[in-house]
Every structure is written in C-alpha cells, then in structure tokens.
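Remarks on the overall topology
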Amino acid sequence: MSTPSDPSTIDLAQARRRAKELLAAVRAGDPNAALVHPHDPPRLADAHHTIARSHGFTSWTALVRAVEPFDPVAADDIDWDRIREVSIVCLPATGIVSLYDDGGRWVIPHDQRRPSEHVWDETLLRIPLERMGFRRQGTHVFAIDRARRHVVFWVDGAPYTGNRPHRDDANVWSGPADDAAEVLRGQGDLVLADLVTRAATDQATMSYERHQQDLQRTLTGGYLRAPTLAGGSGFGGDEQDWHDAREVLTAALEGLPEDLGRPDQPISFLDLGCANGHLAASFVRWGAARGVEVEPYGLDLSPELVARAQELHPQWSDRFWVGDASLWHHPTGRRFDLAHLLLDVFPDDHQERAVRHALSLVTPGGRLLVSNYETRAEFAAERIVTSYGFDVVGRTPVRVRRQNQKPYGTPSVWIRSPPQ
Ligand SMILES: C[S@@+](CC[C@H](N)C(=O)[O-])C[C@H]1O[C@@H](n2cnc3c(N)ncnc32)[C@H](O)[C@@H]1O
C-alpha cells in the first residue's frame, strides 16, 4: 500500500460522496468499479474502506482520524440533542495530557453517545472512566465537527479510585501537551494531535467566568437528578460511604469551642460550595456525636442547588445563600467559627485567592478547613495551603473504602484565623 496522502489535500465530504458513487457503480455492475475485500452483498463500509485504501490509509477510521476537521465552538452554540459522538482530551494537571493505549495506538477517550444519555452529566463521566479509569472534574467543550454531531471536550480530573464502574488496567501515558501531540503525529493522527494542542491552549487561556459557567453546567444537573442525598452533593456512594469519607472533617471541631473561649456555645459552620446542604446538615449530627453543637450555614454558586438545600432543610432556609465563595460576604458582614472550602472547584490560579477570601469569612481565632477531593499526593490540601505561606494547625484522618481498602483522598487541613 502507498504512503497516506497529505491529509490537507483530502476533502472528507467528497470522499464520502465518492464512496457512495463507487458502491452504486459496483451494484450496477460497472466493470471499472471494484471494491477491496467486499462483503457479499457489498456494503457502504466496503466502499469507505476502498476509498481509504486509495488514499494510502489502512482503514476508513484511520482516514477520518487524519482529516476530519473540527471547528471551535462554545457550549451555548451547540444543539445538544443532535450530538452522537464525543471525544475527550484528559488533562490531569495544567498542560499535561493523558493518552491511553488502544491496541497499540495512543488515543484519547472517544465513544458514541448512548441513546437518552445526557452528554455533560453522563457521557462525559462514563467515557473517560470506562476507557482509561479517569474521573473528570472540570468539563469544557471546545470543538465540533462540520456535521455538528461530534463534540470534543477537555476535562481536568484525576485517576479514579472509587466504586463506580471503571477500567483499572489501562496503559496510560501522561506528558506535556506538545509531547502528546508529537506522539499522535508520529502515528499519523494529525487531527488528534491538533485537538490535544488546542485543548491545552484552551485550558491556558480560559477565563474565570467561563470556568464557573462550565462548572455549573457540569455539576448542577447531575446533582439535582442524583437519587441520594450524598449524590446531591456530588458524592458517588451510599450513606455509609459518605460517613466514612466525610465524617472525618468534623475533627476540625475538636478543641474549637475552647480556642474561641466559648466552651459550651454552639459553633457556626459555613460550607462554601454547599450543594444540597448535605455536608452542613451532616455536621450537625456528627458534631453532636463529638459533643459539639453545630449551627449549619451554606453558600453555593448555583441558585438551583441553594434552592434544593432550602427545600431539604426548611428550618435553615435563611441560612443558605447564592454566591461565589471567593468573592462573597455575608449581607451584614457576620463571620463563622468554622468554614470549609473545597479547592477542586477553583482553577489552579484562583485557589490562593479563594483561600485568602474564605479566611476573611472566619471569626477571629476560628478555623478554615481546606479540602481537596483529589487523591494524588502532589495535590494534597496541605501542600497547597503551605505553598501560600499558611501554617497548618490541624489535619483530618483519612479512612479507607470498605470496598477496596483504598484511601478516601488526602487529609483535609485547617488554618487559623488570626485572633483579634
Ligand atoms: C462537590 S460539591 C461539595 C459539597 C460539599 N461541600 C462537600 O464538600 O462534600 C461542590 C459544590 O461547590 C459549588 N461551587 C463551585 N464553585 C463555587 C464557587 N466559586 N463558589 C461557591 N460554590 C461553588 C458547586 O456548585 C457544587 O455544588
């Protein structure tokens, strides 16, 4: 077979038309029309294969991979009902791309959308888990094919260790986006190489506003549809798993009433990014078990989730607010004895600002508890907050999952708000 044609000279729409014409000619008995390895009776796939071979490609899939053009796109400009196919560039750290080995070829996760599957909530979660055991977090669409049926996303996130169905034996390569593009070009996957480069550029240039919009699009629908209370706070597992993973956070209550000089008084707890309020409500029960009375409060970017928190906890409905945890102030300027901040929901370059702002919401002498759902040690909350110059004064234990004995991430840590 000849070497592949220069992909820039191939017009995919024309190649598709030629395949149809070829099939029609074969069916009509044209003696000049022939298919490579045809079925009996011949099919369109045989004609596609023949056209691909005539351009020097091993298969139609290889030809499409090399030439299919993708245009830039914004989420609001997509007709989501039409989407049939999804490709996902996984970025486990800024500028770092993960590829996996698919039968001797490095690829990115890709699949058809299943009937009735919600693209953002389900397809985007399923494909990276199934293909290479990667759990998406931030989810951002950036390219679409000319037929506007195949969308390409980049996601950040991490290798998955939880209980959802996922692959745990994938051969994964991770490295800088330029190196990934080089690997893909070396295989002849020019379109993929281009997509990987564009994904990394999109990540590097994304505004905070778009990050927040995409985050809401990613989380809100899934949380609202979740069948469990923990699921409504983004947690995959049952109430026992929720307890095992999150109860340890209440270690930050220990000694706090004494530190504040109010041994028998309730502690106000503000969950920044409270979703449906399940953590704030759980703190009341878990705190009581530790002998501390907790008054729960919550803030979330998503009005729908705040409404859900108010609906689930009508007795505290005036204690849940809508706002950005890195900007918000209580309407009357009140502060909270303990606040909890989840780093994962902020882009890397916004995390320090979020920590400093959250600390300003804490009562003098109180505590800011900082978590990261991230399981990798290099992203542990302790590393991140100490890199900003804060002294960590306490850390939570980490329990292991009942199902596979793997730890629930890394410790959450607390820092102290300076006493007045
Ligand atoms: C994984 S849930 C956390 C639930 C609970 N706090 C916990 O730690 O288990 C993350 C929540 O943070 C919210 N969120 C993301 N960015 C935020 C921001 N900048 N300010 C406030 N809430 C935010 C999301 O809407 C989502 O409901």
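These numbers come from a predicted model, not from an experiment.

Rules used in this analysis
- All chains use their own residue numbering, which begins from 1 and follows the written sequence.
- Local features are withheld for residues below a pLDDT of 70 in this predicted model, meaning they are given only at 70 or higher, and side-chain atom pairs are given and counted only at 80 or more; totals for whole chains, interfaces and linings count all residues.
- We count a stretch as a helix when DSSP gives it H or I for four or more residues in a row; a strand needs E for two or more, and each element gets its number in order from the N terminus.
- Exposure is read from a count of other C-beta atoms within 10 Å of each residue's own; the residue is exposed at 12 or fewer, buried at 20 or more and partly exposed in between. C-beta atoms are placed from the backbone.
- A domain assignment, automatic or from a database, supplies the domain bounds used here.
- This entry defines residue contacts through backbone-placed C-beta atoms, with two residues in contact when those atoms are within 7 Å.
- Amino acid classes used here: Ala, Val, Leu, Ile, Met, Phe, Trp, Tyr, Cys and Pro are nonpolar; Asp, Glu, Lys and Arg are charged; the rest, including Gly, are polar.
- Using a C-beta atom placed from the backbone, a residue is scored as near a molecule or strand whenever that atom is within 6 Å of it.
- Helix span is expected to be 1.5 Å times the residue number reduced by one.
- Arc, as used here, means the arc of the directions from the helix axis to the C-beta atoms.
- If DSSP finds at least two bridges between two strands, the strands pair.

1. Focus: unusual backbone geometry
- At the junction of Asp40 and Pro41, the peptide bond is cis and its omega measures out at 0° in the coordinates.
- Looking at the element boundaries, Pro41 is found in the loop between α1 (12–27) and α2 (44–54).
- With a phi angle near 65°, Ser116 is a residue other than glycine that sits in the positive phi range.
- Here Ser116 shows up in the loop between β5 (110–112) and α4 (119–132).
- The exposure class of Ser116 is exposed, given the 6 C-beta atoms found within 10 Å.
- One non-glycine residue, Ala275, lies in the positive phi region at around 50°.
- Secondary-structure assignment places Ala275 in the loop between β9 (267–272) and α10 (278–289).

2. Details of the domain arrangement of the chain
- Considered domain by domain, the chain is made up of domain 1 (7–67), domain 2 (70–206) and domain 3 (231–416).
- Its C-alpha centre places domain 1 at a distance of 28 Å from the equivalent point of domain 2.
- The partner domain 2 presents 5 residues to the 4 residues of domain 1 that form the contact.
- For the side of domain 1 that touches domain 2, a count of residues per class yields 3 nonpolar, no polar and 1 charged.

3. Describing the site of the ligand
- Residues in contact with the ligand amount to 21 residues; listed here are only the nearest, Gly234, Gly273, Ala275, Ala325 and Val345.
- Secondary-structure elements contributing two or more residues to the shell around the ligand are α7 (208–225), β9 and β10 (294–300).
- Here the shell around the ligand is composed, by residue class, of 12 nonpolar, 5 polar and 4 charged.

4. What about α1?
- Between the first and last C-alpha of α1 there are 23 Å, a value that for 16 residues agrees with the 22 Å anticipated at 1.5 Å per step.
- Burial in α1 covers these residues: Ala19, Leu22 and Leu23. In a view along the axis of α1, the buried residues occupy a sector of 100°, so they form one face of it. Turned more than 90 degrees from where α1 packs its buried face, Ala13, Gln14, Arg17 and Ala24 sit exposed.
- Buried-residue contacts for α1 involve α2.

5. Regarding helix α8 (residues 239–246)
- The complete set of buried residues in α8 reads Asp241, Trp242, Ala245 and Arg246. In an axial view of α8, the angular spread of the buried residues amounts to 105°, which keeps them on one side of the axis.
- Structurally, α8 contributes buried residues whose contacts are with α10.

6. Section: the pairing of strand β7 (residues 150–159)
- Burial runs high along β7: 9 of the 10 residues are buried.
- Judged from the 7 bridges that link them, strand β2 (residues 85–93) and β7 form a sheet pairing that is parallel. Bridge pairing in β7 places Leu91 opposite Asp156.
- Relative to β7, strand β6 (residues 134–145) is paired through 8 bridges, and the arrangement is antiparallel. Counterpart to Arg136 in the pairing with β7 is Gly157.
- Hairpin geometry of β6 and β7 is characterised by an intervening segment of 4 residues between the two adjacent antiparallel strands and by a positive phi of about 60° at Arg148.

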